[in-house]
Amino acid sequence: MDVVVRCQDVKKTFGTRTALQDITVKIPSHQVVGILGPNGSGKSSLFRLILGLNQPDSGEISVLGRKPGWNNNHQIAYLPDRARWYGDHTVEGAFQWGMDLLPGFDASKANELADWMEIDKKMRVDGMSKGQEARLMLIMCLARNVPLIVLDEPFTGIDTPSRERIIDALIDRVTEREQTILISTHEIYEAEGLFDSVFFMNEGRVELSGPAEELRAKHGSMVELVGKMSHGGRGR
Amino acid sequence: MTTLRLLIKNELRSKTRHRERSGSTSMPKKWITIYGALALVIVAGIATYLGIQGETKFKEIWYFNWGMLFWATARAGKSVQKEWDNETAGWWLSLPYSRGTLLTAKFFVNLIRWVKTSAVIYIALFIFILYVMALEGKGSEIFDVLVKGGQWYVLFISLSPFAIGVGILNWVIRKSMFRPMFPLLWILSLIVINILAWLFLTASLTGGEMLGIIAVSWIVTLGVVRLATHILDQHAVL
């Protein structure tokens, strides 16, 4: 199995709060991987370490065979948690920004996705609904030819039609199987079918992981499993 | 085009300072025009009053520009802070460019904008002085005042890199694990800028001494930006 992210005893604290506790995981490549868990379980902290936005207090982490950091991020498309896009950009302006600053950004792919997701390319971001802005941000990630895409809560606060569009775009991308996609989400019911592998996190630890099919066969649906995990059960 | 130039180009293109929060309302353009016209009338009134009095100390009018260095510091800080306020910090910091490159781009954009702002203020101030001098009947001194003002502007623009660097460092610290140090550092920064103002305004410095102080301020600026880079790289809180 090829591994895209490897963590060995990774620990991260913010002041007195422990975000990650001795995490040891190997995330397989060329799959759609769900990172699931309740709020504060450490999903976003793990993603920030993958991007090198924060440094671990101890332990080792490698992403695509390299230490995380700015000089590895040309290989990663990242949708941050609770992010907004630049309000004064139009969609075309955002694509120009992508072409200027994001390695592997494919403008023709971005235009295709914008048409398909029904985004007006002349529209300014500060005039968009939250769903339209979320779709634009997803396009900025999906239009990149990079080996790893990291999407932190891409469905949060988005209306159902936009969410469906986003999931459809992801499914479309998944079928091409060119990339590894890491997704953290609370919208498990709708996104469940996307995942090849799943990692359940709770209180800064990986409580359970494995191929999605195996976990479903053993524990029932992902929704049930997350419910159990969130209430303290280990599900093992 | 190099990465730095592309970052500068895109940063210059961005006009948004702070994104409107949902539910907030912006000032209608009509009212901005009304307030602008009111300010212009007040300034014209002050200029007319000064001109009629006939005792204006023109050199001291230029001195008020020292206060603008504090403005440069605050503006530079805001250019970093807006990434967090507008929730774009994640995009900005995950770009595949070093923190040094990202902050250097912010530094140069601030400097370019600052020189532009200063030029506009210089022209506005010159028109103000011109009007007062015309009322006082001192038209023959206009060239001298223009040159003096120009020298003054070169001097304070030369010190603005330091003010901008300090502004960036302060706001990076504010967004890091060292946040408790922010008020202390901010007060210290204002004191240092005040000391610089005091030196240039009251001490009788020679041209060489002034150049020396400016050169030292540029070297310190390099250190300040490097420190901000290190903190943003290792200790930023997202």
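As a reminder, the structure under discussion sits directly above these lines.
Rules used throughout
Residues numbered from 1 in each chain as written. Chains lettered and ligands numbered in written order. Predicted model: local features only at pLDDT ≥ 70, side-chain atom pairs only at ≥ 80, totals over all residues. Heavy atoms only, no water. Helix = DSSP H or I, 4+ residues; strand = E, 2+ residues; numbered from the N terminus. Buried < 20%, exposed > 50% of the residue type's maximum accessible area, 1.4 Å probe, protein only. Contact = heavy atoms within 4.5 Å. Areas by Shrake-Rupley, 256 points an atom, 1.4 Å probe, with all protein chains shown as cover. Salt bridge = Lys/Arg side-chain N within 4 Å of Asp/Glu carboxyl O. 1 Å grid on protein atoms, 1.4 Å probe; cavity = no way out; pocket = protein on both sides within 12 Å on 5 of 7 lines; lining within 4 Å. Points joined across faces, edges and corners; volume = space filled by probe spheres on them. Nonpolar A, V, L, I, M, F, W, Y, C, P; charged D, E, K, R; others polar.

J.: An account of the overall build of chain B is needed here, citing residue identities and associated values.
T.: Helices and strands together make up the secondary structure of chain B, namely nine helices and zero strands. Moving toward the C terminus, one meets the helices and strands of chain B in the order α-α-α-α-α-α-α-α-α. Expressed along its principal axes, the backbone C-alpha trace of chain B runs to roughly 60 × 50 × 40 Å. Counting all 238 residues of chain B, 44% fall into the buried class. Partitioning the intrachain contacts of chain B with sequence separation of at least 6 by distance along the chain shows that 83% fall at a separation of at least 24. Carbon and sulfur atoms form 70% of the exposed surface of chain B, whose accessible area is close to 12,700 Å².

J.: Describe the environment of Asn170 of chain B, with residues and values.
T.: Residue and element names in this part refer to chain B. Locating Asn170 in the fold gives a position in helix α7 (residues 142-174). Classification of Asn170 as buried rests on a relative accessible area of 0%. In the structure, Asn170 is positioned twelve residues away from Phe182 in sequence and 6.3 Å away in space, judged by C-alpha atoms. Among residues more than four places away in sequence, those in contact with Asn170 are Phe182, Leu185, Trp186 and Ser189.

J.: Outline the pattern of salt bridges, supporting the account with residue identities and numerical values.
T.: This structure, assessed with the given rule, holds twelve salt bridges over all chains. Across the pair Asp115 of chain A and Lys121 of chain A runs a salt bridge, and its minimum N-O distance is 3.1 Å. For Lys121 of chain A, a relative accessible area of 21% puts it in the partly exposed group. Among the salt bridges present, the one from Glu11 of chain B reaches Lys106 of chain B, with a minimum N-O distance of 2.9 Å. Remark: Lys106 of chain B occurs in helix α6 (residues 99-136) and Glu11 of chain B occurs in helix α1 (residues 3-13); sequence separation between them is 95 residues. A residue is classified by how much of its surface remains accessible, and Lys106 of chain B, at 1% relative accessible area, is buried. Through salt bridges that share partners, Glu11, Lys82, Glu83 and Lys106 of chain B make up one connected network.

J.: Describe the layout of surface pockets, and please don't skip the residues or the numbers.
T.: Residues and elements named next belong to chain A. Roughly 350 Å³ of internal volume is contained in the second largest pocket. Lining the second largest pocket we find 20 residues, and of these Gly40, Ser44, Arg48, Asp81 and Arg82 sit closest to its centre. Sorting the residues of the lining of the second largest pocket by element identifies β2 (17-28) and α1 (43-51) as the ones contributing at least two each. No other element matches the four residues that α1 contributes to the lining of the second largest pocket. Residues belonging to the lining of the second largest pocket are distributed by class as follows: five nonpolar, eight polar and seven charged.

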